[in-house]
Structures are given as C-alpha cells and as structure tokens.
Amino acid sequence: MPRGQQSPDRPAGERPALPGFDELTIGANGAEARRASVWLATACRQRNVPQAQVERLTLCLEEVLANVIVHGGSTALSAPISLLLEVGPGQDREHGHEKGSGQASVTVSDAGIAFNPLFVPKKILPATLGEASAGGLGLVMIRRCSDWLDYRHEDGRNHLTFGARWDLR
Amino acid sequence: MSISYDDIGDKLRRIVISGRLDMPGTDSVASTLGELVAAPKKGVVVDLSSVQFLASIGIRALITSAKAVQQRGGKMVLVVTGGSSVLMSLEATGVDQLIPVFRNAADAERAAVA
C-alpha cells in the first residue's frame, strides 16, 4: 500500500489512525517557508508531539529552509523542496527501541548546492556585543535545537534530517 | 507583522514589535527598526513580548540594531516573555548574553537608561 493511504478494511465508525508521517512540497521562498512552519506545527500537534519539541522543530525547519533559499543557488530556487515529518516511538541508536519515549524528525530535500552542515566547524559564540557577527546563527540554532542531525546527498539532492526526542513518562 | 514606538521623555524610546520575525516578517520591519534605533535616545527598549517566533534573521536584525545603539553611546535592551520560544531562540544562540533581556517593561526601561 502506498505511504499515507488508509487500510480499506478498517471497521466502520472507527477513527482512522494518523499515519506516522506527513509530506509537503513547497517553493523556495520566505512565504513558502512560513507555510511550511504552520504545516509542521499543525501536523506535530495532531500527533501529540509536545509543545516544546514542536517549537524546536519549527525553528530548525525555518533555519534549514533559510539556508537553502539564501545559499542553495539557482537550482535550489527553481526546484521544489520536499518535507517529510515522521513521528514515532523513541529510538535509542545503540539499543533499538527506547520504551516510554517519542521522537519526531523532519527531512528537508532540496536541489541546491551540495552542503553538509555536519562538516561545518562549530561557531564560537562571542563574549561581547562588539565581537558579535550577525551571520552564522542559523546553524548554531539548528544544532542547539535538534537532538540529532543526519545528512546525505543523493540523486543530486541534499537530504537533511533533524529530530527531537521526548520522554513520555 | 507590526512595529511601533513611543518616546518616554528625552532619554528613552520603546519599540514594540509583534508577529513573526521569520524571513518575511523580518524583511517587513528591519529597515523601520534600523531607523527607529538611530534616534538620539540614550536608551532603547525593544519589546518582543508579542512576537511569536524569532528566527536567526530576526536575531541578526536585533544584533545590528543593538550595535548601532552601542556605537552612539546608548544601550538597547529586550523585553521577552519568560518560557517563550523567543527566549529559547535568544538562549540557543547566546544572544541573551549579549543584549540584556528582561521579563517586564519597567525593569527594561530602568536598565536602558542606567
């Protein structure tokens, strides 16, 4: 069955379970990034993602999309950006399923210049306003607001995944 | 998205921003913010308690403004609701350590002109 379709043999009257994922395709501009932010917040709340994690994920999404729009080049601006939200039980990467926890991840796929943010050295935060530069804060925010980051470049597209975990207990 | 201001005496200007300081929101207020902080007031309070979302582009505008105020010998401070996503953005980027942040307007106004 294709992703996102409901099973046809669901008992009548039973509320359909939400699939564990949601997808959206947007254009590469600020107004579309805002639409994506609203979409993400709505989809997360429908899946009972806690508010604190919703806020972290929407901030990360805004910053990732800003990077694509500003630094992705002409191919990023002319091709659609695909978004995938996946929500499920928390996963401990070393030990598998982690009982009593949840996680949500967002994968942003774009056709812009290949860029792996995991290779960018961490920015040293300035001690004074005079030392502060106005740039480079987006990646700082992505790193601080996500619990994990994954990147791959495949079929000419960047695929960046960021996620947040929470404890259900 | 809106931005407004009122002057409190000769020394203090209070700027109130509301809405989302994401890409479109910041684009719509950044130049006005720059003009408002250029006024020869000693203290500038930027009230963000009605801002629902603060992205790095908005933080960039705040840093630029705070530097401009500092360079003319003044001081810019922020009013932010405790526990809000705006405060989270400022803390995540360390900007709460560079631009003073207050939970209420009265404290902010005192600090801006101190």
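Since this is a predicted model, take the numbers as computed values, not measurements.

We now examine the overall build of chain A. Within chain A one finds four helices and five strands. Mapped in sequence order, the helices and strands of chain A form the string β-α-α-α-β-β-α-β-β. Looking at chain A alone, contacts between residues at least 24 apart form 69% of all its contacts between residues at least 6 apart.

With that settled, consider unusual backbone geometry. Residue and element names in this part refer to chain A. We note that N48 has phi near 60°; this positive angle belongs to a residue other than glycine. Counting through the fold element by element, N48 comes out in the loop between α1 (30–46) and α2 (51–71). Here N48 falls in the exposed class, since 10 other C-beta atoms lie within 10 Å of it.

Residue and element names in this part refer to chain A. Summarising the element assignment, Q103 is placed in strand β3 (residues 96–110). On the basis of neighbour count, Q103 is assigned to the partly exposed category, with 19 C-beta atoms found within 10 Å. In the structure, Q103 is positioned 13 residues away from G90 in sequence and 4.8 Å away in space, judged by C-alpha atoms. Apart from the residues within four sequence positions on either side, Q103 is in contact with G88, G90, Q91, G163, A164 and R165.

The next thing to look at is the interface of chain A and chain B. Listed as interface residues are 22 residues of chain A and, on the opposing side, 22 residues of chain B. Elements that contribute at least two residues to the side of chain A that touches chain B include exactly α1, α2 and α4 (137–145) of chain A. No other element matches α4 of chain A, which puts six residues into the side of chain A that touches chain B.

Residues and elements named next belong to chain B. Every buried residue of helix α4 (residues 105–113) is accounted for by A108, E109 and A112. Along the long axis of α4, the arc covered by the buried residues comes to 100°, so they all point the same way. Check the buried side of α4 and you find it contacts β1 (2–8), β2 (12–21), β3 (43–54), β4 (75–79) and β5 (101–102).

Next up on the list: the nonpolar core. Note that soluble globular proteins tend to have their nonpolar side chains buried in a common cluster. If you look at the biggest cluster of nonpolar residues, it comprises 72 residues, and the most contacted ones within it are L57 and L65 of chain A together with V46 and I99 of chain B. With ten residues, the single largest contributor to this core is α2 of chain A. If sequence neighbours within four positions are ignored, L65 of chain A has contacts with A33, A36, I81 and V108 of chain A.

Let's shift gears to the confidence of the model for chain A. Per-chain confidence: chain A averages 87 in pLDDT, with 85% of residues scoring 70 or above. The model gives residues 1–13 of chain A a pLDDT under 50, and that stretch makes four contacts with residues more than four places away or in other chains.

With that settled, consider the packing of α4 of chain A against helix α2 (residues 56–71) of chain B. Viewed as axis vectors pointing N to C, α4 of chain A and α2 of chain B meet at an angle of 130°, and their least axial separation amounts to 9 Å. Classified by the angle their axes make, α4 of chain A and α2 of chain B are oblique. The element α4 of chain A and its partner α2 of chain B pack so that their crossing is right-handed. For the pair α4 of chain A and α2 of chain B, contact is made by L137, G138 and M141 of chain A and by S56, I59 and R60 of chain B, respectively.

Definitions and limits used
- Residues numbered from 1 in each chain as written.
- Chains lettered and ligands numbered in written order.
- Predicted model: local features only at pLDDT ≥ 70, side-chain atom pairs only at ≥ 80, totals over all residues.
- Helix = DSSP H or I, 4+ residues; strand = E, 2+ residues; numbered from the N terminus.
- Contact = placed C-beta atoms within 7 Å.
- Buried ≥ 20, exposed ≤ 12 C-beta atoms within 10 Å, placed from the backbone.
- Arc of directions from axis to C-beta.
- Core = buried A, V, L, I, M, F, W, Y, C linked by C-beta atoms within 7 Å.
- pLDDT = per-residue confidence, 0-100.
- Axes fitted to C-alpha atoms, helices over the stretch in contact; angles between N-to-C directions.
- Parallel < 35°, antiparallel > 145°, perpendicular 65-115°, else oblique.
- Left-handed = near helix turned anticlockwise from the far one by under 90°.

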